[in-house]
Amino acid sequence: MINRKPFSPISPIKENSAKESHLFLDVAPNLEIDGLSDSPTEKEVRQKIRSGRFRTAIWGFFSDYCNNSTIHGVRYLGEKRRPWTERVWWIVVFIFSISACSLLIWSSWKKWDDTPVIVTFADKSTFVWQIPFPAVTICPETKVKTEYLNFTKVFKKIFKDEENLTSTDSVFRRQTYFETILQVCQSEKLLNTPDFGNDTASEDFSDQLKEISLPFEDVFAACFFGGDWSMDCDYSFVPILTEEGFCFTFNTLNASEIYNPSALHPGYEYPIQESESKDWNLEEGYTTLDLSTHPQRALGDGVRVGLYILLKASEKDFDYLCSEMMQGFKVHLHSPDEIPQIARQFFRVPLNQGIMVSVKPSMITTSEGLRAYNPIRLTKRSLHFFQMFTNSFRSRRQCYFNHERQLKFFRNYTQKNCELECFSLFMIKECGCAKFYMPRYADTPI
């Protein structure tokens, strides 16, 4: 008799469930192993921070920061299974990247710190009558009239024949004139001239030079401005002392409007105009629509409304030793509020020729927003650290407006006036004297 167990349909289900549980058990460890990461878990980090030592807590903070950082390469520094060689490599790469970025940021900030003001040019049309007509200074190449001094003849007698010219009063006077005219001769042949006469000029140097220079009527034949043929040249052109000697200038300001009172002293020929520039200044321009202003302004463009000059020269007064072997005139264009400096820029007008000059003005204005900036960099000696920090972004304009800079000799602060004054002060400091055409103090020898 066979004993059979009753059939139960649950057995296969148990077997399958056992197998399923067995499969589940086989997969779970694999998932746990695959889920392991080199980065510490949040639970491990919290445990290190709360219950670990100080060093362990610091490492926990560092690991947490590295694990959550979005900076490339930082995450690898906090992984516990990352080899030290790779960590050192990523540390080097990270430091190099930070250094390169810091260098670029520093160079950009340094460039802005040195030149915070960006100069941009935007062309804008301006009416020609809103700007003054340029001042025109004309200097003849002939420095002295032969009736007072034959420069070439006296030069040969003194330095070639070595004759003594002090025998009579008239000859002594010619020697005095010769010493005076040597100051304005520009010939290269005179560079190797031996020492002659006194080291400094006399107080009446300007009067002596004016006495022997060409007078106005020997230079100008006719002139007109703005279509006015009845213009008086003698009224419009005034004598002025430059490095070329006595010249004649048109449309310049009065000496009292150019120089400070301390620079005005006897023994110097200053430009004197009949009218003053009450309706014009350097920064604001013309403040009235009246056309009879000083300095004068053109009403349009072209030759008919410009300045026309007819010059003349006497052949008997030509001297090729003192005037660089050329005869004619030197013409210099400049701003009405500046002293003419012929040696810096000029053009020649030869004899028996006509010259037509076209002037294209370029007016550069400064933005009013720059007035809020300080003109120069403030130093630590003048400000405390907090003031230096708060004013650091407003202390680097590196330029001056006209009212912010007071010169010793000039009323108006311009680049050319500043350069001429600095050159004059430097010569006074180093040599104890100044050239005859430079601004100087009353007691400064020439």
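Residues numbered from 1 in each chain as written. Predicted model: local features only at pLDDT ≥ 70, side-chain atom pairs only at ≥ 80, totals over all residues. Heavy atoms only, no water.

What the UniProt record of the chain gives under Sequence similarities (unreviewed entry) is the line "Belongs to the amiloride-sensitive sodium channel (TC 1.A.6) family." According to the UniProt record, the Subcellular location (unreviewed entry) comment for the chain reads "Membrane". (UniProt positions renumbered as here; feature names shortened; annotations may be inferred.)

A. Expanded view of the state of the cysteines. For the structure on display, the rule yields 3 disulfides. Covalently, Cys139 is tied to Cys247 through a disulfide, its sulfur atoms 1.9 Å apart. As the torsion about the S-S bond is roughly 110 degrees, the Cys139-Cys247 disulfide counts as right-handed. Taken together, the positions of Cys139 in strand 1 (residues 135–140) and Cys247 in strand 4 (residues 245–250) put the pair 108 residues apart, joining distant regions of the chain. Assigned by exposure class, Cys139 and Cys247 land together as buried. (Disulfide = S-S within 2.5 Å. Helix = DSSP H or I, 4+ residues; strand = E, 2+ residues; numbered from the N terminus. Buried < 20%, exposed > 50% of the residue type's maximum accessible area, 1.4 Å probe, protein only.)

B. Summary view of the sheet that holds strand 3 (residues 237–242). The strand order 3-4-1-8-9 describes an open sheet built from 5 strands, whose pairing is antiparallel. Edge strands, defined here as strands with exactly one partner in the open sheet, are strand 3 and strand 9 (347–349). Taking each pair of neighbouring strands and ignoring which way they run, the sheet shows an average axis angle of 35 degrees. Sheet analysis places strand 1 next to strand 4, joined by 3 bridges and oriented antiparallel. Paired with Ile138 across the two strands is Phe248, which belongs to strand 4. (Pairing = 2+ DSSP bridges. Axes fitted to C-alpha atoms, helices over the stretch in contact; angles between N-to-C directions.)

C. The pattern of salt bridges, seen in detail. Counted according to the given criterion, the structure contains 7 salt bridges. In this structure, the salt-bridge partner of Glu244 is Lys143, at a minimum N-O distance of 2.7 Å. Of this pair, Glu244 sits in the loop between strand 3 and strand 4 while Lys143 sits in the loop between strand 1 and helix 5 (151–160), placing them 101 residues apart in sequence. Assessed through its relative accessible area of 5%, Glu244 is described here as buried. For Lys143, a relative accessible area of 7% translates into the label buried. Between Glu419 and Arg344 there is a salt bridge whose closest N-O contact spans 3.0 Å. (Salt bridge = Lys/Arg side-chain N within 4 Å of Asp/Glu carboxyl O.)

D. Highlighting the packing of aromatic side chains. With the rule as written, the count across this model stands at 20 aromatic pairs. Taking 4.7 Å as the distance between ring centres and 15 degrees as the angle between the ring planes, the aromatic pair formed by Phe127 and Trp129 counts as stacked. By relative accessible area, Trp129 is classed as partly exposed at 36%. Seen in terms of ring centroids, Phe220 and Phe237 are 4.6 Å apart; in terms of plane orientation they differ by 40 degrees. Their pairing is tilted. On the criterion of sequence distance, the pair formed by Phe220 in strand 2 (residues 220–225) and Phe237 in strand 3 is long-range, its members being 17 residues apart. Phe220 gets classed as buried once you look at its relative accessible area, which sits at 5%. (Phe/Tyr/Trp six-rings, centres within 6.5 Å; stacked < 30°, edge-to-face > 60°.)

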